[in-house]
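Reading the structure
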Amino acid sequence: MPPKLKTQNSKLKTDVAIIVGSDSDLPVMTRTVEALKEFGVAHEVQVLSAHRTPQQLEEYIASFGRRGVKVVIAAAGAAAHLAGKIASATTLPVIAVPLDAGGLGGLDALLSTVQMPGGIPVLTVAIGKAGATNAALAAVEILALGRPQLARKLAAHRKRMAADVTRKNTALQRLGVEEYVRKKGSPR
Ligand code: AIR
């Protein structure tokens, strides 16, 4: 018998269940958590592996209904079967983040994740950091279909992003490329 699954807020409802294949995925996936926090969306994070803890993963998937989960985000590297495994066991939308676990730069995870057979969709975002952020935004977009307040927050978020780019462009025009890059410091 595997140990009983512990959850962070077992009494509370959770809108988004985030599942990572290993704790080594957490540094990148904190971006997902941060973005969901920014939108005030209830979420929790579990480390569960399709390969290493298959029974506990199934147990957690079975709890989605009573926990009120509406969207699942699954992140894994290497031979990443996590999202596909979850999608096969639920009709909730499953958003997958392929991660770079070393070796093939995340291409291994991307291909394992994105090439699902017809009938079991997995909504796959970009590899790594951008994907971690976009998974959260995509989850918010899904939830916003039934929550006008979230839709308004998404619109405001887009406006802030555009204003940020405009501010940078204004500074670039004022300083010139060399000075702008020097002031900005180290590359991303
Ligand atoms: N992984 C864990 N179980 C199945 C897979 N594919 C992934 C994790 C992590 C990578 O394997 O999601 O990205 C390496 O895990 P670890 O624990 O060795 O660092």
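Residues numbered from 1 in each chain as written. Predicted model: local features only at pLDDT ≥ 70, side-chain atom pairs only at ≥ 80, totals over all residues.

**Considerations on the site of the ligand**
- The environment of the ligand is made up of 15 residues, and the closest members are G21, S22, S24, S49 and G77.
- In the shell around the ligand, the residues fall into seven nonpolar, six polar and two charged. (Near = placed C-beta within 6 Å. Nonpolar A, V, L, I, M, F, W, Y, C, P; charged D, E, K, R; others polar.)

**Notes on the packing of helix α6 (residues 129–144) against helix α7 (residues 148–175)**
- It is at 8 Å that the axes of α6 and α7 come closest, and there the two elements cross at 140°. For the element pair α6 / α7, the angle class is oblique. Relative to α7, the crossing made by α6 is left-handed. Two secondary-structure elements touch here, α6 through V140, E141, L143 and A144 and α7 through L150, A151 and L154.
- Looking at the contact of α6 with α7, its residues break down into six nonpolar, no polar and one charged. (Axes fitted to C-alpha atoms, helices over the stretch in contact; angles between N-to-C directions. Helix = DSSP H or I, 4+ residues; strand = E, 2+ residues; numbered from the N terminus. Parallel < 35°, antiparallel > 145°, perpendicular 65-115°, else oblique. Left-handed = near helix turned anticlockwise from the far one by under 90°. Contact = placed C-beta atoms within 7 Å.)

**Comments concerning the sheet that holds strand β2 (residues 43–47)**
- With respect to topology, five strands assemble into an open sheet ordered β2-β1-β3-β4-β5, the strand pairing being parallel. Two strands close off the open sheet at either side, each with one partner strand: β2 and β5 (123–124).
- Of the strands in this sheet, β1 (16–20), β3 (71–77), β4 (94–99) and β5 touch α6, which is tilted by about 175° from β4. (Pairing = 2+ DSSP bridges.)

**Some thoughts on the domain arrangement of the protein**
- Domains assigned within the protein are domain 1 (16–144) and domain 2 (148–184).
- Split into classes, the residues belonging to the side of domain 1 that touches domain 2 amount to four nonpolar, no polar and one charged. (Domains from an automatic or database assignment.)

**Things to note about the nonpolar core**
- Counting residues in each nonpolar core, the largest one holds 46 residues, and the members touching the most others are I73, A74 and V94.
- For this core, the secondary structure elements donating two or more residues are β1, α1 (26–38), α2 (54–62), β3, α4 (82–89), β4, α5 (107–114) and α6.
- In this structure V94 touches V72, A74, A83, I86, A87, V122 and L123, once residues within four positions along its chain are discounted. (Core = buried A, V, L, I, M, F, W, Y, C linked by C-beta atoms within 7 Å. Buried ≥ 20, exposed ≤ 12 C-beta atoms within 10 Å, placed from the backbone.)

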